Amino acid sequence: MVFHNLPPSLQSIANHLHQNRHLTPGQMRKLLLGANVQPIDLLPWADFDHPDADSYGRKMAYKGPNFEIMVMSWKPGDFSSIHDHGHTQWGAVQVFGHAEHATFRVDSGRISTLARWQMEPFEAVGVHHDLVHQMGNPTKDQPFLSLHVYGEPKDDASITGDARVFDLFKQQIQHVDGGVFFALPPAAVGFTEPAPIPDFPTKTRFHIELFRRMRKMAPSDYQRSGYTLEEVQSAIYAPQNRDFLLRCLEANSNSDGRQTNSVYWRILNHELKEAAKLLRELQEETTQSDRFHRYAEFYDAVIGQPSLDQFMRQYLEFFTHQYRISWPDQSVLSLGCGTGLAERHLIDQFHVPYAQLWGTDISPAMLAEARKRIQAWELDLLAMEENTGGHPWDIVYSGLNVFHYLPHTAFEQAVKAAASQLRPGGYFLGDFITPDHIRWYPNILYSHNKQVISLRTPQLVEDQGAMFQESEIVNISFADGPMEVTYAGKHKRFLPPMNRVRRYFERYFGGGVDLYDAVTLAPIPEVADSCPSTRYIVIAKK
Ligand SMILES: [Fe+2]
């Protein structure tokens, strides 16, 4: 058969389907890939000017007795709703751009995201009757087309008729015969039934895409369907999400704060990053956001304060007694003071005079926080002059593994710089992490009242022969009520061998170097590669 309006690639698909009614999704996918379809073949059905009320463009390219060949057009930001495919028994989708694709499990009254990934141009996936999925264009500026074939063994006027759209805002399944769009007008919806209950990431992402679509639509288009922007936005960031999120984290982690479901963990982080991205856009549109200020608060709540409570306080006590430090007589320089929490502790609990303690940091945001507690300079510790503040210091302190954040080739230089600041007989005290710190590192950190939650995904990476622990961080705060999500990016820490760190200190401090486990405070022998807590302190006398 020759179909004059079809390019040869689509003709070969149609011909094959006219002769074979019984296919599997796998066979259909192979057929698509084998047809060597090019994007230009689909241009006659491109619809990039589709109305904003439509979530994407859709055109029928060919209708067989028992199959449909359709072309969808995806502008940047276009996403389908979550849906299935009506009467379809076998089908396949080929994308001609960087599409995002997600699949869902619907089971026992619940719906959860099984997978979400980026497809490569020309990649294809099979479609079976039970498939519930979502696809979209996550790019900023690259529209693309996709080719869809849906079929079943018997003749059918509408193969994809009676498709189910999962509306997780209204909590209803909508039966539709047309596009599987967000915020469908009542006229496009047949009968409805209760939707399965979504898990946290599925619910969050659904509402994010609904919200994004509604912001493109004319209010009159979504209002008559019963949606308001405020309600949908509130569903994403509501204070009530805290209990939901905490339950989801508890169900997918152990008592050490380690995630126990890697698939769920990846999806949760992915959707929270989308929530952070949307929130940033919304904040930029309204007031100037103060994200750095917020980061400093998160830092104290989930890292600074717990670290002080869990081990810094103890090692400061240990150092005081073991080395007979009379703090009120000491001048103290803190390198990389961050928010100044530990330094303030030295003033309040160890009675270092306020005027005798100075912090330094390179981050203006951290310094803004620190200056509420201590005196602090903005200073790159690698660029320190021979003496900071015009006189040698009695004690140089560096808390929370600051040295590991420096360029790895500068680690030794930092040790040398620290030594240069001390008077002879003065002490350096600092804490460090072992190369196997990832062994301890939890995926979830909570502030003491669980109002602030930090999700971290660490991995070991090699770069130019050096080892690093790279942690991707998403922070969630309910401290002000609504859920505030920020993506803190990937933080990289250099992991030098313990013995090399010991050697550097021995090289620049003449008066002896001692290493202790930062938690057990047991001495660390020369031969050790690690220690029980994965954190250690170095006490070096000049
Ligand atoms: Fe679909």
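Caption draft 1: Structural context of the coordination of the iron ion. Surrounding the iron ion are the protein donor atoms H83 (NE2), H85 (NE2) and H133 (NE2), which sit 2.1 Å from the metal. Sequence spacing among the residues donating to the iron ion works out to H-x1-H-x47-H. H85 carries the same exposure label as H83, and that label is buried.

Caption draft 2: Structural context of the sheet that holds strand β1 (residues 57-63). In space, the 5 strands of this open sheet follow the order β1-β2-β9-β4-β7, with antiparallel pairing throughout. The sheet terminates laterally at β1 and β7 (124-128), the two strands that pair on one side only. Each strand axis lies, on average, 20° off the axis of its neighbour in the sheet, ignoring direction. Strand direction decides the pairing type here: strand β4 (residues 90-95) and strand β9 (residues 144-151), joined by 6 bridges, are antiparallel. Pairing of W90 across the sheet is with G151, part of β9. This element, helix α1 (residues 8-19), spans β1, β2 (67-74), β4 and β9 of the sheet and lies at about 150° to β2. Across the sheet, helix α2 (residues 25-34) is in contact with β4, β7 and β9; its angle to β4 comes to roughly 35°.

Caption draft 3: Structural view of the pattern of salt bridges. On inspection of all chains with the given rule, the structure shows 24 salt bridges. The shortest N-O distance in the salt bridge between D84 and R164 comes to 2.8 Å. Highlighted residues: D84 in the loop between β3 (82-83) and β4 and R164 in strand β10 (residues 163-167), separated in sequence by 80 residues. A relative accessible area of 25% means that R164 is categorised as partly exposed. Between R507 and E412 there is a salt bridge, with its nearest N and O atoms 2.6 Å apart. Remark: E412 occurs in helix α12 (residues 411-420) and R507 occurs in helix α13 (residues 498-508); sequence separation between them is 95 residues. Assessed through its relative accessible area of 48%, R507 is described here as partly exposed.

Caption draft 4: Examining the pairing of β2 more closely. Where burial is concerned, most of β2 is hidden: 8 out of the 8 residues are buried. Residues F67, I69, V71 and S73 of β2 are buried on one face, and the alternating residues E68, M70, M72 and W74, pointing to the opposite face, are buried as well. In sequence, β1 turns back onto β2 through a hairpin of 3 residues. Pairing of β2 with β9 involves 8 bridges; the strand directions are antiparallel. When the sheet's bridge partners are listed, F67 is paired in β9 with G151.

Caption draft 5: Representation of the packing of helix α6 (residues 229-237) against helix α8 (residues 262-285) within the structure. Interhelical geometry of α6 versus α8 gives an angle of 130° and a closest axis separation of 11 Å. Relative to α8, the element α6 is oriented oblique. Two packed elements cross with a definite hand, and for α6 against α8 that hand is left-handed. Residues Q233, I236 and Y237 of α6 pack against A275, L278, L279 and L282 of α8. Here the residues of the contact of α6 with α8 are counted per class, giving 6 nonpolar, 1 polar and no charged.

Caption draft 6: Structural view of the packing of helix α7 (residues 241-251) against α8. One way to put it is that α7 packs onto α8 with a least axis distance of 11 Å and a crossing angle of 150°. When the axes of α7 and α8 are compared, the pair comes out roughly antiparallel. The interaxial crossing formed by α7 with α8 has left-handed handedness. Facing L245, C248 and L249 of α7, the residues of α8 in contact are Y264, W265 and L268. Broken down by class, the residue content of the contact of α7 with α8 amounts to 6 nonpolar, no polar and no charged.

Caption draft 7: Highlighting the sheet that holds strand β17 (residues 393-398). In spatial order, the strands read β16-β15-β14-β17-β18-β24-β23; together these 7 strands make up an open sheet with mixed pairing. Only two strands of the sheet have a single neighbouring strand rather than two, namely β16 (375-378) and β23 (513-517). This sheet shows a mean twist of 20° between the axes of neighbouring strands, independent of strand direction. Sheet topology places strand β18 (residues 422-433) next to strand β24 (residues 535-541); 7 bridges connect them, and they run antiparallel. What sits directly across from L429, in β24, is I539.

Caption draft 8: Quick look at the side chain of D47. Relative to the helices and strands, D47 resides in the loop between α3 (39-42) and β1. The side chain of D47 sits in the buried core without any salt bridge; K59 is the nearest counter-charge, 4.3 Å away. Reaching out from D47, the side chain makes a polar contact with the backbone nitrogen of H50 at a distance of 3.5 Å. Contact partners of D47, with chain neighbours within four places excluded, come to G57, R58, K59 and S73.

Caption draft 9: Spatial organisation of unusual backbone geometry. Positive phi is not limited to glycine here, since D162 has a value of about 60°. Counting through the fold element by element, D162 comes out in the loop between β9 and β10. Take D162: its relative accessible area is 35%, and that puts it in the partly exposed class. The backbone of K450 shows a phi angle near 60°, a positive value even though the residue is not glycine. In this structure, K450 sits in the loop between β19 (444-446) and β20 (452-463). Accessibility expressed as a relative area gives 29% for K450, which makes it partly exposed.

Caption draft 10: Representation of the pairing of strand β6 (residues 110-118). Relative to β6, strand β5 (residues 100-107) is paired through 8 bridges, and the arrangement is antiparallel. Counterpart to R105 in the pairing with β6 is S112. Hairpin connection from β5 to β6: 2 residues lie between these consecutive antiparallel strands, with S108 at a positive phi of about 50°. Strand direction decides the pairing type here: β6 and strand β13 (residues 197-198), joined by 2 bridges, are parallel. Bridging from a neighbouring strand, R110 pairs with I197 of β13.

Basis of the calculations
Residues numbered from 1 in each chain as written. Predicted model: local features only at pLDDT ≥ 70, side-chain atom pairs only at ≥ 80, totals over all residues. Heavy atoms only, no water. Donors = N, O, S within 2.8 Å, 3.2 Å for Na, K, Ca; no water. Buried < 20%, exposed > 50% of the residue type's maximum accessible area, 1.4 Å probe, protein only. Pairing = 2+ DSSP bridges. Helix = DSSP H or I, 4+ residues; strand = E, 2+ residues; numbered from the N terminus. Axes fitted to C-alpha atoms, helices over the stretch in contact; angles between N-to-C directions. Contact = heavy atoms within 4.5 Å. Salt bridge = Lys/Arg side-chain N within 4 Å of Asp/Glu carboxyl O. Parallel < 35°, antiparallel > 145°, perpendicular 65-115°, else oblique. Left-handed = near helix turned anticlockwise from the far one by under 90°. Nonpolar A, V, L, I, M, F, W, Y, C, P; charged D, E, K, R; others polar. Lys, Arg positive; Asp, Glu negative; His and termini not counted. Polar contact = N/O pair within 3.5 Å; in protein donor to acceptor, adjacent residues only side chain to side chain.

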